[in-house]
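# Fold and contact review
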Amino acid sequence: MTEWTNRVEQRHIRRVQKKQDRDAAEQIIRHYYDEMYRYFYKQTLNETLAFDLTQELMIRMLKSLPTYDAKQSSFRTWLYRIASRHLIDYYRSKAYQHMKRTDYVEDWTMYEAVEELIGPEVEERYEEVMEAIQQLSPDLQMIVRLKWFGAYTLKEIAEQEHWPLSTVKTKYYRALQMVRSTWEE
């Protein structure tokens, strides 16, 4: 297997964009799949949901690939933008709202396992923080999710969104205050 470089990545992207090359698409998916799965899992603590969101993201990525422009952002940055928006869409969806109101046996089993590993207080706090994040506006959610779960710097987020760094910092610290205030309530 060849080493993954920006040049290799761009060659695969062009092959998919111009020829809808299946092998090139599979290489891109193979390269980013685990990273995107971890991104979703960190935010959901649900393996099945993280898997589903990752699958859906890969489909969205392939459908949107013709619009990708390497001059605008790196592919990884572009993919994280799609992932972040996909997660926001999921949390707004009727499926999530329904799941939130319904108690599934397997969810309780998963929560019990998490509680055993990290303790009920930590897991409860995690859920409170995730609920608080979901209450933020989409742009604030995206900044927080990329910073906390995508390991992006504020500077990288500013470049990705084509916003001044000061704007991203202001939005990020406003989001932190909102999460803290929700948490303290």
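First things first, this report covers the structure right here in the doc.

So, how was this worked out
- Residues numbered from 1 in each chain as written.
- Predicted model: local features only at pLDDT ≥ 70, side-chain atom pairs only at ≥ 80, totals over all residues.
- Heavy atoms only, no water.
- Helix = DSSP H or I, 4+ residues; strand = E, 2+ residues; numbered from the N terminus.
- Buried < 20%, exposed > 50% of the residue type's maximum accessible area, 1.4 Å probe, protein only.
- Contact = heavy atoms within 4.5 Å.
- Polar contact = N/O pair within 3.5 Å; in protein donor to acceptor, adjacent residues only side chain to side chain.
- Axes fitted to C-alpha atoms, helices over the stretch in contact; angles between N-to-C directions.
- Parallel < 35°, antiparallel > 145°, perpendicular 65-115°, else oblique.
- Left-handed = near helix turned anticlockwise from the far one by under 90°.
- Nonpolar A, V, L, I, M, F, W, Y, C, P; charged D, E, K, R; others polar.
- Expected span 1.5 Å × (residues − 1).

## Re the environment of Gln17
Tracing the backbone through its elements, the reader meets Gln17 in helix α1 (residues 6–19). According to the relative accessible area criterion, Gln17 is partly exposed, its value standing at 28%. Taking the C-alpha atoms as reference points, Gln17 and Thr67, 50 residues apart in sequence, are found 8.6 Å from one another. When neighbours within four sequence positions are excluded, Gln17 is seen to be in contact with Leu65, Pro66 and Tyr68. Here Leu65 takes part through its backbone oxygen, which lies 2.8 Å from a polar atom of the side chain of Gln17.

## Considerations on the packing of helix α2 (residues 22–44) against helix α3 (residues 47–64)
Interaxial distance between α2 and α3 falls to 8 Å at its minimum, and their mutual angle equals 140 degrees. Considered as vectors, α2 and α3 are oriented oblique to each other. Where α2 crosses over α3, the two elements pack in a sense that is right-handed. Contacts from Ala25, Ile28, Ile29, Tyr32, Tyr33, Met36, Tyr37, Phe40, Tyr41 and Thr44 in α2 reach Glu47, Leu49, Ala50, Phe51, Leu53, Thr54, Gln55, Leu57, Met58, Met61 and Leu62 in α3. Per-class residue counts for the contact of α2 with α3 are 17 nonpolar, 3 polar and 1 charged.

## Quick look at α1
In this model, α1 (14 residues) spans 19 Å end to end at C-alpha, consistent with the 20 Å of a helix rising 1.5 Å per residue. Along α1, the positions that sit buried rather than exposed are Val8, Glu9, Gln10, His12, Ile13 and Val16. Among the residues trailing α1, Gln20 stands out with phi positive, at a value near 50 degrees.

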